[in-house]
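# A structural walkthrough
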Amino acid sequence: GIQVEQSPPDLILQEGANSTLRCNFSDSVNNLQWFHQNPWGQLINLFYIPSGTKQNGRLSATTVATERYSLLYISSSQTTDSGVYFCAANSGGGADGLTFGKGTHLIIQP
Amino acid sequence: NAGVTQTPKFRVLKTGQSMTLLCAQDMNHEYMYWYRQDPGMGLRLIHYSVGEGTTAKGEVPDGYNVSRLKKQNFLLGLESAAPSQTSVYFCASRGADRKLFFGSGTQLSVL
């Protein structure tokens, strides 16, 4: 099956800083999503982005499908951005579940 | 609109005991999934369902069974719990827009 690798594994930043999280995948994708797991364990869907660029407030994401990577940008970080960010992908055309990367653990310090 | 609801939130079992985790969604989604999350390993797919009365195996199905008798409910069963099944279990559903929505999780400890 598809392999999903995320980098960096850990990231510590000061409030107000910008960050870029990377997701590499081993096969062509027809479904790629980014999630945020907050410190209480809740998983929130950030983007559905198998290709192209999307923006939602201070967050944006870009997927370059031909080069098999996706980037999540966080601008003007706030302490509430802390948590684990997961990239998940699927290369099949059916309802198969997404394969998750191991995540990037982000800590935003005040 | 509650989204995806999981019960219970916490459970402690002894080795060999059985239990059922319930997932309910009110978004009329066809597809539902059970994942487990272990430290340092991300989320791994256990079983999934593409509609009422259907189920399929995911990446780590051994030791688990599932049922989808009603479209809104997806049950995950452990017939004889083992310490290796200590984990956090997440249910998710997916609609026509292909976005995955998760429940709040069930923390299970098997002693």
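Bringing the sheet that holds strand 1 (residues 4-7) of chain B into the picture now. Residue and element names in this part refer to chain B. Read from one edge to the other, the open sheet built from four strands follows the order 1-3-8-7, with strand pairing classed as antiparallel. The sheet terminates laterally at strand 1 and strand 7 (65-67), the two strands that pair on one side only. Within this sheet the neighbouring strands show an average axis-to-axis angle of 20°, counted without direction. Sheet topology note: the strand 7/strand 8 (residues 73-78) ladder contains three bridges and is antiparallel. The residue bridging Ser-67 from the neighbouring strand is Leu-75, located in strand 8.

Ranked by size, the top nonpolar core spans 22 residues in total, and within it A:Leu32, A:Trp34, A:Leu46, A:Phe47, A:Leu72, A:Tyr85 and A:Leu106 carry the most contacts. Listed by contribution, the elements that provide at least two residues to this core are strand 2 (10-14), strand 3 (19-25), strand 4 (31-37), strand 5 (43-48), strand 7 (59-64), strand 8 (69-74), strand 9 (83-90) and strand 11 (104-109) of chain A. Setting aside anything within four residues of it in sequence, one finds A:Leu32 in contact with A:Phe25, A:Phe47, A:Tyr48, A:Ile49, A:Pro50, A:Thr63, A:Ser70, A:Cys87, A:Ala88 and A:Ala89. Within the second largest apolar cluster, 18 residues are counted, among which are B:Met19, B:Ala81, B:Cys91 and B:Val110.

Turning our attention to the pairing of strand 5 of chain A. A regular strand carries its side chains on alternate faces of the sheet. All names here are of chain A. Of all six residues in strand 5, five are buried, a share of seventy percent or more. Here strand 4 pairs with strand 5 via five bridges, running antiparallel. Considered in strand 5, the bridge of Gln-33 is made with Tyr-48. Turn length for the strand 4-strand 5 hairpin, with the two strands adjacent in sequence and antiparallel, is five residues, and the turn residue Gly-41 shows positive phi of about 95°.

Rules and cut-offs
- Residues numbered from 1 in each chain as written.
- Chains lettered and ligands numbered in written order.
- Predicted model: local features only at pLDDT ≥ 70, side-chain atom pairs only at ≥ 80, totals over all residues.
- Heavy atoms only, no water.
- Pairing = 2+ DSSP bridges.
- Helix = DSSP H or I, 4+ residues; strand = E, 2+ residues; numbered from the N terminus.
- Axes fitted to C-alpha atoms, helices over the stretch in contact; angles between N-to-C directions.
- Core = buried A, V, L, I, M, F, W, Y, C linked by side-chain atoms within 4.5 Å.
- Buried < 20%, exposed > 50% of the residue type's maximum accessible area, 1.4 Å probe, protein only.
- Contact = heavy atoms within 4.5 Å.

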